[in-house]
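Fold and contact review
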Amino acid sequence: MTTSRSTYHHGELRQALLAAALDVIAAEGPGALSLRDLARRAGVSHAAPAHHFKDRTGLLTAIAAEGYELLAAGLAGTPELRERGVRYVRFAREHPAHFQVMFQPELLRADDPDLLAAKDRASAELRTGVADLTSAPDARTAGIAAWSLAHGFATLLLTRNVEGALGDRDPEEYFRSLTGLLFAEQLPTGERE
């Protein structure tokens, strides 16, 4: 649906372009994204998106930064490692287009200050909870193992590679079961099933 130029206030166009880009990415992947197409969808001149994002890389970088901010917010306030993993999976399910873009560094401006700050916030949230592992000799390695499980499961879920295994089970409950199988000895007593 194309929206008339007159309906946008100056500050709303950036968000409208981001929303349109997320729709394209969710439907067709980041490779299908073009600034010219977004301008057409938004009913603005083909130069308008470049004013806000400079180029396609700038737009994808803005999407990734927004995704990392959303991830950090979603993880905040959950001290237990298992529930942080559940929230990570929930984030991927609720924001699949962000998730696709965030972890493809070749699409992004690696030195963008907003992206770096958002990644730092999300990384800090991801590391929280690893300290509670009682018998992990190396917190960094344990953190990578936990992240790998959550990220791998989220990726398999989004690409529909675990539909048969899930059946009609809730993906978040299924993920809790997986962590119980693999980290039973590592989880504090209150987190074990």
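Reference entry: report on the structure contained in this document. Keep in mind the model is a prediction, meaning the values are calculated, not measured. (Residues numbered from 1 in each chain as written. Predicted model: local features only at pLDDT ≥ 70, side-chain atom pairs only at ≥ 80, totals over all residues. Heavy atoms only, no water.)

Topic: the side chain of T61
With respect to the helices, strands and loops of the structure, T61 is situated in helix α4 (residues 56–75). Those residues in contact with T61, other than ones at most four positions away along the chain, are L108, R109, D112 and L115. (Helix = DSSP H or I, 4+ residues; strand = E, 2+ residues; numbered from the N terminus. Contact = heavy atoms within 4.5 Å.)

Side note on the pattern of salt bridges
Pairing is possible between side chains of opposite charge, provided their charged atoms come close. Evaluation of the coordinates by the stated rule reveals ten salt bridges. A salt bridge links R121 to E69, with the nearest nitrogen and oxygen atoms 2.1 Å apart. You can see R121 sitting in helix α7 (residues 113–127) and its partner E69 sitting in helix α4, a full 52 residues away along the chain. Its relative accessible area of 41% is what places R121 among the partly exposed residues. By sharing partners, the salt bridges in this structure join D37, R40 and R41 into a single network. (Salt bridge = Lys/Arg side-chain N within 4 Å of Asp/Glu carboxyl O. Buried < 20%, exposed > 50% of the residue type's maximum accessible area, 1.4 Å probe, protein only.)

Structural notes on the packing of α4 against helix α5 (residues 81–94)
It is the contact of α4 with α5, at a shortest axis distance of 9 Å, that shows an interaxial angle of 145°. Judged by the sense of rotation from one axis to the other, the crossing of α4 with α5 is right-handed. For the pair α4 and α5, contact is made by G67, L70, L71, G74 and L75 and by R84, R87, Y88 and F91, respectively. Here the contact of α4 with α5 is composed, by residue class, of five nonpolar, two polar and two charged. (Axes fitted to C-alpha atoms, helices over the stretch in contact; angles between N-to-C directions. Left-handed = near helix turned anticlockwise from the far one by under 90°. Nonpolar A, V, L, I, M, F, W, Y, C, P; charged D, E, K, R; others polar.)

Considering the nonpolar core
If you look at the biggest cluster of nonpolar residues, it comprises 50 residues, and the most contacted ones within it are L33, L38, L59, I63 and F153. The element best represented in this core is α4, accounting for ten residues. Once you skip the residues sitting within four places of it in the chain, L38 turns out to touch L17, A20, A21, V24, L33 and L59. (Core = buried A, V, L, I, M, F, W, Y, C linked by side-chain atoms within 4.5 Å.)

Some details on the packing of aromatic side chains
For the structure shown, the criterion picks out six aromatic pairs. Arranged with centres 6.0 Å apart and planes meeting at 80°, the rings of Y88 and F99 form a pair that is edge-to-face. Residue Y88 is located in helix α5, and its partner F99 is located in helix α6 (residues 96–102); the two are separated by eleven residues in the primary sequence. We note that Y88, like F99, is buried. Look at F99 and F103: their rings are 5.2 Å apart centre to centre, the planes differ by 65°, and that puts the pair in the edge-to-face class. Its relative accessible area of 25% is what places F103 among the partly exposed residues. (Phe/Tyr/Trp six-rings, centres within 6.5 Å; stacked < 30°, edge-to-face > 60°.)

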